[in-house]
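Fold and geometry: a report
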Amino acid sequence: MPKITQQELATRLGVSRSTVAAALNPGSPIKLNEATRQRILKAAEQHHYRPDRYARVMRGGRSGLIGVLHFGGLLQVAAERATHAAQAVRREGYEVVAADLSWSTESLQTACASMLDARVEGVILSGLNLPASSQELRRLQTAGTPVVALSGNPLPWAPHFRADTRNAIARLTTHLLDLGHRRLALMTHITERKDEPGSYIWAGRERALGFEAALREAGGSLGPTFRRSMRPQGIITRVGLPRSPFDPFGPGIEGMRALLRQSPRPTALLCSNDEVAYGALSVCQEAGLSVPGELSLTGYDDTTLGRYCAVPLTTARQPNEAMAEAAVEALVAAIQHGTPPRPAKPRLFPCEILLRRSTAPPGE
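Model, not experiment: these values are computed from the prediction. (Residues numbered from 1 in each chain as written. Predicted model: local features only at pLDDT ≥ 70, side-chain atom pairs only at ≥ 80, totals over all residues. Heavy atoms only, no water.)

Points about the confidence of the model for the protein chain
Put simply, the test is: In predicted models, pLDDT denotes the confidence assigned by the predictor to each residue on a 0 to 100 scale. Note on definitions: a residue-residue contact is assigned when non-hydrogen atoms from the two residues lie within 4.5 Å.
Looking at the protein chain, the pLDDT average stands at 88 and 91% of residues meet or exceed 70. Between residues 193-199, whose pLDDT stays under 50, and residues either more than four places distant or in other chains, the model counts 8 contacts.

Thoughts on the sheet that holds strand 10 (residues 296-298)
Applied cut-off: What makes two strands pair is DSSP finding at least two bridges between them. Strands here are runs of E lasting at least two residues and helices are runs of H or I lasting at least four, both read from the DSSP assignment and numbered beginning at the N terminus. The axes are straight lines fitted to the C-alpha atoms, using for helices just the contacting stretch, and the angles between their N-to-C directions are given from 0 to 180°.
An order of 7-8-6-9-10 is seen for the 5 strands of this open sheet, with the pairing classed as parallel. Both edges of this open sheet fall to strand 7 (221-222) and strand 10, since each of them pairs with a single strand only. Pairing of strand 9 (residues 268-271) with strand 10, which is carried by 3 bridges, proceeds in the parallel orientation. Across the sheet, Ala268 pairs through a bridge with Ser296, a residue of strand 10. Sitting on the sheet, helix 8 (residues 165-179) is in contact with strand 6 (183-189), strand 9 and strand 10, with an inclination near 165° to strand 9.

A look at the packing of helix 6 (residues 108-117) against helix 7 (residues 134-142)
Applied cut-off: If an angle is under 35 degrees, it is roughly parallel; if it is over 145, roughly antiparallel; if it lies from 65 to 115, roughly perpendicular; otherwise it is oblique. Side-chain classes are defined by residue name, with Ala, Val, Leu, Ile, Met, Phe, Trp, Tyr, Cys and Pro counting as nonpolar, Asp, Glu, Lys and Arg as charged, and the others, Gly among them, as polar.
Two elements in contact, helix 6 and helix 7, have axes separated by 9 Å at closest approach and are oriented at 10°. Taken together, the axes of helix 6 and helix 7 lie roughly parallel to each other. Of the residues in helix 7, those in contact with Leu108, Gln109, Cys112, Ala113 and Leu116 of helix 6 are Glu136, Leu137, Arg139 and Leu140. Partitioned by chemical class, the residues of the contact of helix 6 with helix 7 number 6 nonpolar, 1 polar and 2 charged.

Some points on the layout of surface pockets
Our working definition: Two kinds of site are reported from a 1 Å grid over the protein atoms alone, namely cavities, where a 1.4 Å probe fits but cannot get out, and pockets, open sets with protein on both sides within 12 Å along at least five of seven lines, and residues are called lining when an atom falls within 4 Å of a point. Grid points are joined across faces, edges and corners, and a volume is the space filled by probe spheres set on the points.
Roughly 800 Å³ of volume is contained in the second largest pocket. Secondary-structure elements contributing two or more residues to the lining of the second largest pocket are helix 5 (76-91), strand 3 (123-128), strand 4 (147-152), strand 6 and helix 9 (202-217). With 4 residues, the single largest contributor to the lining of the second largest pocket is helix 9. Of the residues that constitute the lining of the second largest pocket, the class distribution is 16 nonpolar, 17 polar and 5 charged.

Here it is in structure tokens:
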């Protein structure tokens with residue numbers, strides 16, 4: 001079936017082509033009667049009208065496209081952020097071109113090239129967790145394409161919109177301390193390449209800083225193991241990223257098995273996300289270790305899994321929709337003003353702490 005053009009739509013409806021163009025372009029300065037606009041939109045849908053974006057670029061240099069580079073794989077929180085970002089993009093009158101980098105980290109170069117070939121007007125980096133990729137992403141900056149980072153690792157040349165993870169972990173730590181726990185462990189993703197100092201998973205470092213700050217505020221400290229002491233003590237168990245996007249629980253399982261070999265063991269464990277916490281919980285159940293009786297457990301992200309697992313998880317909820325909308329708003333403003341967004345201090349969004357059955361005073 002041949003594509004219908006704006007001129008053919010105009011002829012069928014008895015209106016001018018400029019009226020059709022205005023109805024189909026949410027950003028058009030031409031004001032239309034709402035009944036006319038809806039009649040045109042309905043006819044366009046019935047006739048399966050699709051804009052010729054290459055012709056649009058040739059006419060005005062605008063593609064009406066915004067790219068989303070998604071690094072979060074199948075994790076629910078990452079999918080939520082990307083979905084909210086895509087919805088906000090469409091509300092602004094743009095369409096989305098997306099690439100999922102969890103399919104192949106080597107495809108970043110191809111993804112950036114595809115974005116530039118499609119003439120995207122801006123790019124959202126959703127959940128960047130590959131610090132070494134920042135050099136490849138500079139291709140977008142060099143091309144003059146506005147870029148914003150939504151959660152994930154920061155880039156020095158792009159605005160960053162993220163949850164205040166450090167504060168959220170500090171509050172979860174304080175909650176456990178207030179319950180009476182004195183041996184606390186943090187299980188988090190902290191990876192750093194020895195041949196590339198400074199390459200790290202940002203979210204893991206933020207969690208470690210929040211954990212340590214809350215311990216010090218309570219008169220405690222970090223160490224490699226627990227000692228005989230009445231003061232609060234903390235240890236950090238480092239876990240890697242999941243080996244497979246289809247099994248996000250592996251790091252929690254491996255990390256919890258390592259913790260069970262320690263003596264004395266922690267009475268409370270904070271996990272970098274709900275998936276890691278679920279992996280740890282499954283090991284506790286296998287070992288006959290009761291949660292929260294012998295071990296209090298917290299997650300992060302407030303996933304559906306964490307709400308409905310055998311022991312619902314105390315966790316922190318990120319304001320994913322608000323973060324995504326703010327990132328898109330800044331990107332669209334940069335596009336419309338013709339200037340790259342300014343990389344000021346990261347814009348932090350507070351998390352909500354949700355207390356559930358997985359935490360209790362030690363020994364209960």
